[in-house]
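For reference, the chains in residue letters:
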Amino acid sequence: MIPAPFEYVRAGSLDEACRVLAEAEEAGEDVKVLAGGQSLLPLLRLRLAYLSALVDVGRLAELRGVEDRGDHVFVGALTTHDEVLRSEVVRELVPLLALATATVADPAVRHRGTFGGSLAHADPAGDLPAVALALDCVFVVRSDEGEREIPASDFFVDYLESALEPGEVLVGVRVPKLGPGWGFHYEKFHRTAQSWATVGVAAAVRLGEGVVEEARIALTNMGPTPVRARAVETALRGVPLGSSDGERLRQVCDLADEGASPPADLHGDPAYRRHLARVLTRRAVVTAGA
Amino acid sequence: MPRITVTVDEITYEEEVEPRLLLVHLLRDRLGRTGTPIGCDTGNCGACTVMLDGVSVKSCSVLAVQADGSEVVTVEGLSSGQEWHPMQRAFHAEHALQCGYCTPGMIMAAIDLVRNDPDPSEEAVRRGLEGNLCRCTGYTNIVRAVRRGAQEMAGRHD
Amino acid sequence: MTEQLDAGLVAERIAESDQLSAPSGDREIGRARRRKEDARLVTGRTTWTDNIQLPGMLYVTFLRSPMAHARITRVDTSAARARPGVVAALSGRDLADEQGSLPCAWPVTEDIVIPDHPPMAVEEVRYVGEAVACVVATDRYAAADALEEIEVDYEPLEAVVDMTEALTEGSPKVHETGNRAFTWRFAQGDVGAAFRDAPIVVERDYVQQRLIPTAMEPRAVVATTDGDSFTLYSATQIPHVLRVMLAMTTGIPEHRLRVVAPDVGGGFGSKLQVTAEEVLALLLTRRIGRPVKWTESRSEGNLTVHHGRDQLQRIRLAAERDGRLRAVQVELLADMGAYLMLVTPGVPLLGAFMYNGIYKMDAYDFTCTGVFTTKMPTDAYRGAGRPEATFAIERAMDELAHELGLDPVEVRRRNWIAHEEFPYTTVCGLTYDSGNYEAATDRALDLFGYDTLREEQARRRAEGDPIQLGIGVSTFTEMCGLAPSRVLGSLSYGAGGWEHASVRVLPTGKVEVVTGTSPHGQGHETAWSQIASDALGVPFEDVSVLHGDTAISHKGMDTYGSRSLVVGGIAVLSACEKVKDRARELAAHMLEASAEDVEFADGSFRVRGTSQGRTIQEVALAAFAAHDLPDGVEPGLDAETTFDPDNFSFPHGTHLCAVEVDTETGGTTIRSYVAVDDVGAVVNPLIVEGQVHGGIAQGIGQALFEEAIYDAEGNLLTTTMADYLVPTALDLPEFVTDRTETPATSNPLGVKGVGEAGTIASTPAVVNAVVDALRPYGVRDVRMPCTPERVWRAINSGTSGASGVSEASEGSHGSGAPQSSQGSRASEGFEGGGR
């Protein structure tokens, strides 16, 4: 399949990218930012999307890289999944991001696909949105008007729809370090190695003497956006993770799908997804706490 | 139309391309590098895998304009004349191909895998090839070949 | 029919006995030769059809129906025609007078309904993806753009997606003639009597889901003409059949049409077809006078490459209390899709003689009804009919074992044909020439560690482990090596099953083998070289194998049905023998001896008891020079043969699968897989093992992953590889394979077909394992593919319901069918599955 024609602008700077996007918006044109293109190009090839132009930000070094900034790690939007995985900083300081990124697509796609691109794509079946939500990441966004910050809880608006306004470019994401005592896990359940998560669970758990003191849990593909499992987070406090009281953990994790509105598709109907969310949450919590 | 410069298998080309031209179509239709085939339109099958600036990519999911200034290595660039790349030899030796349509992509993905993991376990090979589909072999011999190729590649550099 | 089958089953050896001599160290046959084909494939110097560029070539793209069923009320191509680079934009009406109807070569009954099948729809579309218009342009991109400018108005008609509903009174009709294509029946023995007082009756319904073959190379066609003759390059398995059929369909005289199958990237039956695109490419090049190329995209292919399987099966076993079978009764509904394509109606018949499997019984009854629906037509997919049969009988044997409390291997032992009983004529009238089910099974059990795994299973069950272990058994045979022409005739097939080969020893002593088989990954260039090398005593490297071009290989029946070695390979051997006979005569003349005194060994003709001799290369040069030939001997050293087999080929084997089922998520992981196949003597063990590996993978694909899903409006939901799940390396285990060797007696090499065996065997092995894991939960079936969701539902909804075994004394076998599986037949159709 072959994409429909579009104009192409290779941005020489972030400012230029913002300016071009602003002009396009004024002209009422349908313009998108091209980063790695690993989600966008298949959509264009299948002609599921038609654009008047692409603004290629792929060469903007300022959008690339991982940086330890004290209480958080800043991950540039253009950092590829592969670079995220190779980053010592990520692996040591925000390991949940590494765990989830390792499950994204395959090596070749991870060479091209970018951290920011997959978040901006806002696919609830993607693995990274749940991580961003669980960790309360902050999205740093630039436009012609300047820079603004969007908390993860506001960033994912609907299916394939983020809080990015037309004319805005995602610069990077602040990924909070949770400090000592936290354990992490991303539990992904899918039909084949290539297929999207039927359900995924991003979990961060802080234990004190075998008992959960704090937990952060978000779910992949359990609604039009990633879903924070607040009920579980609350109920988990004080729950021991040892095998002695498995039933209590089970009951708590059975709250995982509260507030979710899972989709029905070829890989599962809502009831099955709700069930999976409960099982996988329990597993994610146990592994994160181990 | 954008004008790009791209080096493919050590030959430099200057081409005017439509922005929407896929890298794989540049290779196949414009440059005659038909060794890299196309197997799908969603980036799943990996048949079109090439090296772009030293790392594996699916050339159906890259625009030619994105490759401007880059170096591409295809399966055709791995061997010169009768001398094959160790991974090509390993695929032959282990009977890791039948129809051979996935083979160029498999070999490129395998070389990329070994670049990162010079002595991969069976599990590592399977994980490294998850983006490349084969319909003929059931992968058993491909896994054997990649591990053998890794040994040969290591031996060559000793 | 049975009589004719019987008549064709006399094994006969055709070649000299020295071909059967024990392998010597330097024999090529039996050697794990690395493939000759690989050189171009690993280096990218391939000739896939899409690689072909001809001067002035144009690109074709097809506009396809978005509606499953509709009347076409208007097609306007004018805006498309006006776009830059567009050479032509045509609708079905524009081509109606010349396009003919796509052929169906297998009218299985006298009263079969074969609807008109225009390559491009004119009045009505009957499946999503049917071509309604096309654009021909100077490049791919221009063609794709112009396609969107074509306007088509449709008047929607009702979709017909469910076979059961399609057969009910008042169902919307796919064709005016109704939705029943045919009903075909085959019965042997007194089935009624066998069931009437049977102590045990097992009745089960199974769903063979619809599959998309998914060869890695999408289809592609290049057509060109010089104004007089035509050449068609196509990613096809069947250049020879295609040439005949295209000549008949298009009116292009056969002698003016050359068909070439260049490098072809897999087929698995999907390229055993005469496609709309092939016909239309020829018509377009004829109309425009320039070469045209069409290459499908994967998403286009998922819609329009013929699909496979799609049957609803009801199987009933009548058995004694000790597990011995009395009879098998089978009723099938087979989804034809919207039209009958090349062998669409014949596919279920290829399984019709196989539901008895490897077992002995007295009576057999098979009925199949072909049903039209508004979906892509089905046709051959790896195994074609036999995987369905093997699945049903092997699943049902496990059910029988379960109902009787017997080990599934034991119940098979009590029923299978014992080694000493071969050749054995089955209840279906086929004569299985050779086999040793005991040996293959014992070897497989050993490699698998069957008893140890059973112990672990018991332990996990006792402990209530959330990860349960399941063990699946599949002991299979199949009929392949298509096929004795006489038998095909008796089944109303439109052609024969012979194969052709010619062999020429060139003046320099090198050998060219021309074969009518058409490999697309099977390695014939290597294997035929091995055969010729042994037969002629020439080095392996000195043999070239030519194929896939009707101008080079003028005669052939191509590659499918695991036929190439057992029919085509034997033809090669036979042609070599003829060459040798001619060479012997000339050698005798050269040696001034009588031919009877000249013996042949290691590539040389020697006068018996002397050291005097001539190499075959010397003889070839003499035959070329022709300076001194005996009277009546023609110059040159070559010969050809057309070989028609007397019998099918019956490979067999035992496949064992261990799965771990996560009872919380429903996820299934294959822990180990052991296959011991008996494909008789082996020409190249490497190639055989590769065929088995790939076959197993495809069978596992059906068992666990793959399904073409249509919604209630007839839209295909699995149009991309993101939705139609082909297993990756991570989803499959390392296969453990071994072989037993019971030579076929039906051919001089003792070989049997291997191309489909793995696929036929593996699907039931895997599903049996999944169900076995879930027995403690009362589960006795999981519909394929056994997705995590289905497994989870099976555990929780208990397909444990009513027993499928009825006691004869209660006289209720008819109503003993499981409620759940009856429900699945009546209401789930193919789209539901709990979604």
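Here is what the cut-offs are and how they apply
- Residues numbered from 1 in each chain as written.
- Chains lettered and ligands numbered in written order.
- Predicted model: local features only at pLDDT ≥ 70, side-chain atom pairs only at ≥ 80, totals over all residues.
- Helix = DSSP H or I, 4+ residues; strand = E, 2+ residues; numbered from the N terminus.
- Rg over C-alpha atoms; globule rule 2.2 N^0.38 Å.
- Contact = placed C-beta atoms within 7 Å.
- Buried ≥ 20, exposed ≤ 12 C-beta atoms within 10 Å, placed from the backbone.
- Pairing = 2+ DSSP bridges.
- Axes fitted to C-alpha atoms, helices over the stretch in contact; angles between N-to-C directions.
- Domains from an automatic or database assignment.
- Nonpolar A, V, L, I, M, F, W, Y, C, P; charged D, E, K, R; others polar.
- Left-handed = near helix turned anticlockwise from the far one by under 90°.

Per an unreviewed UniProt entry, chain B is named Carbon-monoxide dehydrogenase small subunit, and its organism is Streptosporangium saharense.

Chain A is annotated in an unreviewed UniProt entry as Carbon-monoxide dehydrogenase medium subunit of Streptosporangium saharense.

Draft legend 1. Highlighting the overall build of chain A. A count of helical and extended segments in chain A gives twelve helices and 14 strands. For chain A, the C-alpha radius of gyration of 19 Å lies close to 19 Å, the compact-globule estimate for 290 residues. Projected onto its principal axes, the C-alpha coordinates of chain A cover approximately 60 × 45 × 30 Å. Long-range pairs, those at least 24 residues apart, make up 63% of the contacts in chain A with a sequence separation of at least 6.

Draft legend 2. Seen up close, the pairing of strand 26 (residues 652-662) of chain C. All names here are of chain C. The buried count for strand 26 comes to nine of eleven residues, which makes it a mostly enclosed element. Examined bridge by bridge, strand 18 (residues 467-477) and strand 26 share eleven bridges and lie antiparallel to one another. Bridging from a neighbouring strand, Ser474 pairs with His655 of strand 26. Two elements, strand 26 and strand 27 (residues 668-678), share ten bridges in a ladder whose sense is antiparallel. Each bridged residue has a counterpart across the sheet, and for His655 the counterpart in strand 27 is Ala675.

Draft legend 3. Region of the structure containing the sheet that holds strand 24 (residues 613-615) of chain C. All names here are of chain C. The three strands are arranged 22-23-24 in an open sheet whose pairing can be described as antiparallel. In this open sheet, the two edge strands, each paired with only one partner strand, are strand 22 (598-601) and strand 24. Each adjacent strand pair in this sheet contributes to an overall mean axis angle of 20°, direction not counted. Of the pairings in the sheet, the one linking strand 23 (residues 604-607) to strand 24 comprises three bridges and is antiparallel in character. Opposite Ser604, over in strand 24, you have Thr615 as the bridge partner. Running over the sheet, helix 18 (residues 564-591) touches strand 22, strand 23 and strand 24 and is turned about 125° from strand 22. Contacts between helix 19 (residues 616-625) and the sheet are confined to strand 23 and strand 24, with strand 24 contributing the most and set at about 80° to the helix.

Draft legend 4. Quick look at the domain arrangement of chain A. Assigned domains of chain A: these are domain 1 (7-56), domain 2 (61-176) and domain 3 (182-289). The C-alpha-based centres of domain 1 of chain A and domain 3 of chain A are spaced at 36 Å.

Draft legend 5. Just the interface of chain C and chain B, in detail. If you look at the interface, chain C gives 41 residues, while chain B gives 47 residues. For the side of chain C that touches chain B, the secondary structure elements donating two or more residues are helix 2 (38-43), helix 10 (298-304) and helix 20 (685-705) of chain C. Here the side of chain C that touches chain B takes six residues from helix 20 of chain C, the largest share from any one element. Considered class by class, the residues forming the side of chain C that touches chain B number 18 nonpolar, 16 polar and seven charged.

Draft legend 6. Expanded view of the interface of chain A and chain B. Counting residues at the interface gives 24 residues for chain A and 25 residues for chain B. Every element with two or more residues in the side of chain A that touches chain B is listed here: strand 1 (7-10), helix 2 (40-45), strand 3 (53-56) and helix 6 (107-112) of chain A. Of the residues forming the side of chain A that touches chain B, the biggest block, five residues, is contributed by helix 6 of chain A. Split into classes, the residues belonging to the side of chain A that touches chain B amount to 14 nonpolar, five polar and five charged.

Draft legend 7. Structural detail: the domain arrangement of chain B. All names here are of chain B. When the domains of chain B are assigned, the result is domain 1 (3-77) and domain 2 (86-157). Each partner contributes to the interface: domain 1 provides 15 residues, whereas domain 2 provides eleven residues. At the level of elements, strand 3 (49-52) and strand 4 (55-58) are the ones that each hand at least two residues to the side of domain 1 that touches domain 2. Here the side of domain 1 that touches domain 2 gets three residues from one element, more than from any other, and that element is strand 3. Residues of the side of domain 1 that touches domain 2, tallied by class, amount to eight nonpolar, seven polar and no charged.

Draft legend 8. Spotlight on the sheet that holds strand 26 of chain C. Residues and elements named next belong to chain C. As summarised here, the arrangement of the four strands in space is 18-26-27-28, forming an open sheet in which the pairing is mixed. Looking at strand neighbours, the two that pair on one side only are strand 18 and strand 28 (735-739), the edges of this open sheet. Averaged over all pairs of adjacent strands, the angle between their axes in this sheet comes to 10°, without regard to strand direction. Summarising the sheet, strand 27 and strand 28 pair through five bridges and their orientation is parallel. Bridging from a neighbouring strand, Tyr673 pairs with Phe735 of strand 28. Sitting on the sheet, helix 14 (residues 437-448) touches strand 18, strand 26, strand 27 and strand 28, and the angle it makes with strand 27 is about 145°. Relative to strand 18, helix 15 (residues 450-463) is tilted by about 145°, and along the sheet it contacts strand 18 and strand 26.

Draft legend 9. Layout of the packing of helix 17 (residues 524-536) of chain C against helix 18 of chain C. Residue and element names in this part refer to chain C. For the pair helix 17 and helix 18, interaxial distance at closest approach is 9 Å and the crossing angle is 35°. Remark: the crossing between helix 17 and helix 18 carries right-handed chirality. For the pair helix 17 and helix 18, contact is made by His524, Ala527, Trp528, Ile531, Ala532, Ala535 and Leu536 and by Ser564, Leu565, Gly569, Val572, Leu573, Cys576, Glu577, Val579 and Lys580, respectively. For the contact of helix 17 with helix 18, a count of residues per class yields eleven nonpolar, three polar and two charged.

Draft legend 10. Region of interest: unusual backbone geometry. That bond from Phe422 of chain C to Pro423 of chain C is cis: its omega, -10°, falls within 30 degrees of zero. Along the chain, Pro423 of chain C falls in the loop between helix 13 (408-413) and strand 16 (424-425). In this model, Met784 of chain C is joined to Pro785 of chain C through a cis peptide bond whose omega is -10°. Structurally, Pro785 of chain C can be placed in the loop between helix 21 (757-774) and helix 22 (788-797). Even without glycine at this site, Asp136 of chain A takes up a positive phi of about 55°. Within the fold, Asp136 of chain A resides in the loop between helix 8 (128-134) and strand 6 (138-143).

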